[in-house]
Amino acid sequence: MDEVIELTLDSPDGVIDCRLEPQTNEGELAYSATILYPHTVNGYSRSDIYCHTMRQDANTNSFVFEAGEEIHPKIRKLEEQLSEAITSAQSS
């Protein structure tokens, strides 16, 4: 799968915009995840931007955030949904 995946997810804080871009490194497929997480400051909506790499876990065949990266807990909660989006896009 060499196509960019764009999706929106709902959260208690609002709509989360996600973009998953495929990358190939030494024959291994990974995805660069750019996540715009909603954040309101003084009545103004401003998104927090998070960029992380997702790699396939050989044991579970799901995609997980790269080991060693510091992941905010609210972003860590999105890992399963992002993995499902990647695997369903690969199967279609």
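Further up the page is the structure itself.
First, a word on scope: everything that follows refers to the structure included in this document. Please read all numbers here as calculations on a predicted model, not as lab measurements. (Residues numbered from 1 in each chain as written. Predicted model: local features only at pLDDT ≥ 70, side-chain atom pairs only at ≥ 80, totals over all residues. Heavy atoms only, no water.)

**Looking at the nonpolar core**
Core analysis: the largest hydrophobic core is formed by 21 residues, its most contacted members being Leu-7, Leu-20, Ile-35, Met-54, Ile-75 and Leu-82. Of all the elements in the fold, those that place two or more residues in this core are strand S1 (5-11), strand S2 (14-25), strand S3 (28-41), strand S4 (44-56), strand S5 (63-65) and helix H2 (79-91). (Core = buried A, V, L, I, M, F, W, Y, C linked by side-chain atoms within 4.5 Å. Buried < 20%, exposed > 50% of the residue type's maximum accessible area, 1.4 Å probe, protein only. Helix = DSSP H or I, 4+ residues; strand = E, 2+ residues; numbered from the N terminus.)

**Some details on the pattern of salt bridges**
This model, assessed by the stated rule, comprises six salt bridges. Across the salt bridge formed by Arg-19 and Glu-6, the nearest N and O atoms sit 2.3 Å from each other. On the criterion of sequence distance, the pair formed by Arg-19 in strand S2 and Glu-6 in strand S1 is long-range, its members being 13 residues apart. Residue classification places Arg-19 among the partly exposed positions, given a relative accessible area of 32%. (Salt bridge = Lys/Arg side-chain N within 4 Å of Asp/Glu carboxyl O.)

**A short note on the side chain of Thr-53**
Relative to the helices and strands, Thr-53 resides in strand S4. Taking relative accessible area as the criterion, Thr-53 reaches 15% and is therefore assigned buried. Excluding residues within four positions of it along the chain, Thr-53 makes contact with Ala-30, Tyr-31, Val-64, Phe-65, Glu-66 and Glu-69. (Contact = heavy atoms within 4.5 Å.)

**Observations concerning H2**
Structurally, the α-helix is built with 3.6 residues per turn, so residues lying three or four positions apart point the same way. For H2, which comprises 13 residues, the first-to-last C-alpha distance of 19 Å matches the rise-based estimate of 18 Å (1.5 Å per residue) to within 8%. Those residues of H2 that are buried are in contact with S1, S2, S3, S4, S5 and helix H1 (73-76). (Expected span 1.5 Å × (residues − 1).)

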